[in-house]
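Chains, contacts and geometry: an overview
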Amino acid sequence: MNDLSASSQITYRAVPVRPAVARRIRGLSDQALAWLFITPTIVLLLAINIFPLVWTIYLSFTNYRANRANAPTIWLGTDWYQSILTDPDIWAAMQVTAHFVIWTVLIETVLGFGLALLIDKKFRGHGMWTTIILLPMMLSPAVVGNFWTFLYQPQIGLFNYVVAFFTGRAASSFQMLGDVTLSPWAIVVVDAWMWTPYVMLICLAGLRSIPDYIYEAAEVDRASNWRQFWSITLPMALPFIMLAVLFRGIENFKMFDMVNLLTGGGPGSTTEVASITLKRAAFESWRTGYSSAFAIILFVTVFGLANIYVKALNRVKNR
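As a convention, each chain's residues are numbered from 1 in the sequence order in which they are written. The predicted nature of this model means local features are confined to residues of pLDDT at least 70 and side-chain atom pairs, given and counted, to a pLDDT of 80 or more, with totals for whole chains, interfaces and linings taken over all residues. Side-chain calculation: all heavy atoms of the structure are included, whereas hydrogens and water are not.

**Examining the packing of aromatic side chains**
What describes a pair of aromatic rings is the distance from one ring centre to the other and the angle between the planes of the rings. For Phe, Tyr and Trp, rings pair up if their centres lie within 6.5 Å, where Trp contributes its six-membered ring, and each pair is then called stacked (planes under 30 degrees apart), edge-to-face (over 60) or tilted (otherwise). Considering all chains together, one arrives at 21 aromatic pairs under this definition. Ring geometry for Trp-148 versus Tyr-152: centroids 5.4 Å apart, planes at 50 degrees, classification tilted. Each member of the pair Trp-148 and Tyr-152 is classed as buried. An aromatic cluster of three or more residues is present, and its members are Phe-51, Trp-55, Tyr-58, Phe-61, Trp-75 and Tyr-81. Sitting over the face of the ring of Tyr-290, Arg-287 holds its NZ or CZ atom 3.9 Å from the ring centroid. Remark: exposure states derive from per-residue accessible area (1.4 Å probe, protein chains only) relative to the maximum for the residue type, with buried under 20%, exposed over 50%, and partly exposed in between. We count a charge as sitting over a ring when the NZ of a lysine or the CZ of an arginine lies within 6 Å of the ring centre and within 35 degrees of the ring normal.

**Observations concerning the nonpolar core**
If you look at the biggest cluster of nonpolar residues, it comprises 21 residues, and the most contacted ones within it are Val-144, Trp-148, Tyr-152, Val-190, Met-258, Val-259 and Leu-262. Here a strand is any run of E in DSSP of at least two residues, a helix any run of H or I of at least four, and the numbering for each starts at the N terminus. Breaking this core down by element, the ones donating at least two residues are helix H5 (88–119), helix H7 (141–151), helix H9 (183–208) and helix H12 (257–262). For this core, the element with the highest residue contribution is H9, accounting for six residues. When sequence neighbours within four positions are dropped, the list of residues in contact with Trp-148 reads Phe-159, Val-189, Val-190, Trp-193 and Leu-262. Nine residue types can take part in a nonpolar core, namely buried Ala, Val, Leu, Ile, Met, Phe, Trp, Tyr and Cys, and a core is a set of them joined through side-chain atoms within 4.5 Å. Counting residues in hydrophobic clusters, the runner-up holds 17 residues, among them Val-199, Cys-203, Ile-232 and Ala-244. Every residue pair with non-hydrogen atoms within 4.5 Å of one another is taken to be in contact.

**Some remarks on a nonpolar patch on the surface**
Residues form patches when they are more than 30% accessible in relative terms and have no salt bridge. Like charges link within 9 Å. Nonpolar side chains (Val, Leu, Ile, Met, Phe, Trp, Tyr) link within 5 Å. Each accessible area is a Shrake-Rupley estimate made with a 1.4 Å probe; only the visible protein chains count as cover when residues are assessed. When a carboxyl oxygen of Asp or Glu lies within 4 Å of a side-chain nitrogen of Lys or Arg, that pair is called a salt bridge. Nonpolar side chains collect at one region of the surface, where Leu-33, Trp-35, Leu-36, Phe-37, Ile-38, Ile-42, Leu-46, Ile-50 and Val-54 lie side by side and expose about 860 Å² of accessible area between them. Inspection of the secondary structure assignment puts Val-54 in helix H3 (residues 30–59).

**Brief notes about the layout of surface pockets**
As defined here, a cavity is a set of points on a 1 Å grid over the protein atoms alone where a 1.4 Å probe fits but cannot get out. A pocket is an open set with protein on both sides within 12 Å along at least five of seven lines, and residues line them when an atom is within 4 Å of a point. Grid points are joined across faces, edges and corners, and a volume is the space filled by probe spheres set on the points. Size it by volume and the largest pocket reaches roughly 480 Å³. Around the largest pocket, the lining is made up of 15 residues, and of these Asp-120, Lys-121, Leu-207, Tyr-215 and Thr-233 lie nearest the centre. For the lining of the largest pocket, the per-class residue count stands at five nonpolar, three polar and seven charged. Basically, the charged four are Asp, Glu, Lys and Arg, the nonpolar ten are Ala, Val, Leu, Ile, Met, Phe, Trp, Tyr, Cys and Pro, and anything else, Gly included, counts as polar.

**What to know about the environment of Ser-231**
Assignment of secondary structure puts Ser-231 in helix H11 (residues 225–253). Through-space distance from the C-alpha of Ser-231 to that of Ala-218 is 9.5 Å; in sequence the pair is 13 residues apart.

**Comments concerning unusual backbone geometry**
For the bond running from Gly-266 to Pro-267, omega is -5 degrees, close enough to zero to count as cis. Structurally, the position occupied by Pro-267 is in the loop between H12 and helix H13 (274–283). The phi dihedral of Arg-222 falls on the positive side, at around 60 degrees, and the residue is not glycine. Within the secondary structure, Arg-222 is located in the loop between helix H10 (212–220) and H11. If you check the backbone angles, Trp-286 has positive phi at about 55 degrees while not being a glycine. Turning to its location among the elements, Trp-286 is positioned in the loop between H13 and helix H14 (288–317). A relative accessible area of 31% means that Trp-286 is categorised as partly exposed.

**Some words on the environment of Phe-253**
Mapped onto the fold, Phe-253 is located in helix H11. Take Phe-253: its relative accessible area is 16%, and that puts it in the buried class. Taking the C-alpha atoms as reference points, Phe-253 and Thr-97, separated by 156 residues in sequence, lie 6.4 Å from one another. Excluding its chain neighbours within four sequence positions, the residues that come into contact with Phe-253 are Met-94, Thr-97, Val-101, Leu-298, Thr-301 and Val-302.

Following this line, the structure appears as structure tokens:
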């Protein structure tokens, strides 16, 4: 009897608690629960991304130097921006960057789409060859840079001997990384070798998304393979091609590691892209305010061009 009464008391005390908890849980809407879970992530992203951007914008208007943190900070207004936009060395670096971006994106797009067309045929052993083609993009840029630096050596490098075999020139008669004319193309070759598989994957996804019945209908209409390519394959894969161009264009515009490992911006300033100029201003000359202004200019340039390109991409997708 005592046991029963004790159990009844416990049950009696627990009954009022459960509805209260249930009411509190029911009081939160789905939207409130969603905000409850994503708020920590948003706060973390703001701390990691937004705050450094705002701080960089502030520093770009000052004379702040990171190696003289205790020195008084003077507000300079837009002086750094005017200096950068009228500096011929900056424009030379932007021209080098544009040359690098245009040629790498062009070569990678053509080769990547061509490889995607071959892999899409599903020939015997295509899985093994796909894995082999993807190997370069799986490597670290540091590994790729050191690997190609060795290949480009004029005395022992394999690249010079291959060129000598096909052209008849002496292997030691030219230096890919030391020649003013050849060094920009040496970086283009390495970047194309490493990232063409990435473009191939995106293009392959576009080709695999084309329904088979469209090709079947074209064969019923006796359309040639060339006609099918221009009327079906290329138009339907074009959004994926443009997406690959967007990704590679953004990445190559801010390229630093490969250029720094291969040439360091040399010989002279032949391969000095914008990121190398930014690094030298920030960490060699310690012109923190100047480099912050340059970083903001690069950010606005990339953001503006990407925004225009995305609008064009959306128009192509909606056709």
